[in-house]
Amino acid sequence: MRPAGKPVPSPAQWAGPKVTVIAETPAGEPEPEPAGARPAVAVGRRELGVGVAVVVLAIIVTAVLAFRAGGGSAAPAAARPAASPSPSASAPTLAQVYQAVAPSIVSIESTEPDGVATGTGVIANAAGNIITAFHVVKGATAVKVRFADGTESTAEVAASAPATDIAVLTPATLPDLVVPAVMGNSGRLAVGNTVVAVGNQLGLTSSATAGVVSGLDRSAVNPDGTRLTGLIQFDAAVNPGSSGGPLVNARGETIGIVVALANPTPAGTFVGIGFAVPIGAALGAGGPGEPAPEQ
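Figured I'd write up the structure that's included with this text. Just so it is clear, the structure is predicted and the values come from calculations on it, not from any experiment. (Residues numbered from 1 in each chain as written. Predicted model: local features only at pLDDT ≥ 70, side-chain atom pairs only at ≥ 80, totals over all residues. Heavy atoms only, no water.)

### Some words on the environment of Thr132
Along the chain, the position of Thr132 falls in strand 3 (residues 130–133). Here Thr132 falls in the buried class, since its relative accessible area comes to 0%. Distance from Thr132 to Ala282, taken between C-alpha atoms, is 9.0 Å for residues 150 residues apart in sequence. Setting aside its immediate chain neighbours within four residues, Thr132 contacts Ile108, Thr120, Gly121, Asp165, Ile166, Ala167, Leu169, Ser243, Gly244 and Ile257. Among the polar contacts listed, one links the side chain of Thr132 to the backbone oxygen of Thr120, at a separation of 2.7 Å. (Helix = DSSP H or I, 4+ residues; strand = E, 2+ residues; numbered from the N terminus. Buried < 20%, exposed > 50% of the residue type's maximum accessible area, 1.4 Å probe, protein only. Contact = heavy atoms within 4.5 Å. Polar contact = N/O pair within 3.5 Å; in protein donor to acceptor, adjacent residues only side chain to side chain.)

### Overview of the pairing of strand 6 (residues 166–171)
Residues in a regular strand project their side chains so that they alternate between the two faces of the sheet. Burial analysis of strand 6 places five of its six residues in the buried class, the great majority of the element. Here four bridges tie strand 3 to strand 6, and the two strands are oriented antiparallel to one another. Among the inter-strand pairings, Thr132 is bridged to a residue of strand 6, identified as Ala167. Two successive antiparallel strands, strand 5 (residues 152–161) and strand 6, enclose a turn made up of four residues, where Asp165 displays a positive phi of approximately 55°. (Pairing = 2+ DSSP bridges.)

Here it is in structure tokens:
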């Protein structure tokens, strides 16, 4: 990735029923005496009364115990239905996001009069067109691409849009299996959204870094003076070689093309501010494919 102008270089008890015993006065017994009179008690009758009371008490206790043990005729309370959790699809892990986009990543070598520049591209459609940053191939005398399966091919610049720093490459040879990236809707982005950048930074091919969207509608200036506007600012690490690679959302959809990084020094290395062209603008400038419909 080249500097993009100072300070912007590029890239959820059971209770039994209450039992009440009602005692009735036996028929034929004398009316109770007035209060304060000493009752006349016959020993035989007292013993009989005590015996009856014991029997009645035993019957009551037996009935209560039998009821509690399940011998009662009362129907058991209906069991309350248990709540079952509603199924929900979990978000992909960062590893799954990378695995989804990795087959669409392309390494780019651009031969220029003063040496060889490296960058990244992403397969944009089933025809094998590759979208990348324009400054990766600007002024190139030859362009070589390497697909994820190892297939190498020369490529030509089929379209370019310097105002958005986007170019489209057409490779001469395609791999047996062309895997286009899934394009997202950059218009639905919000600050704080998770993003993953995949690219060949510093020659380390298909490196993945993660961060968040730090800002929207940012601007940057390329070394040639071209002012880029409407950019996505993010903090996933990018470095020289990352240019042209995809910026991917948490669902594995490409929502931007990395074009620049900001650094207050001439070093051209990452200090926490990267920029990407929204995928809608990139596809509109380069021509291949369509952004995914808004959901």
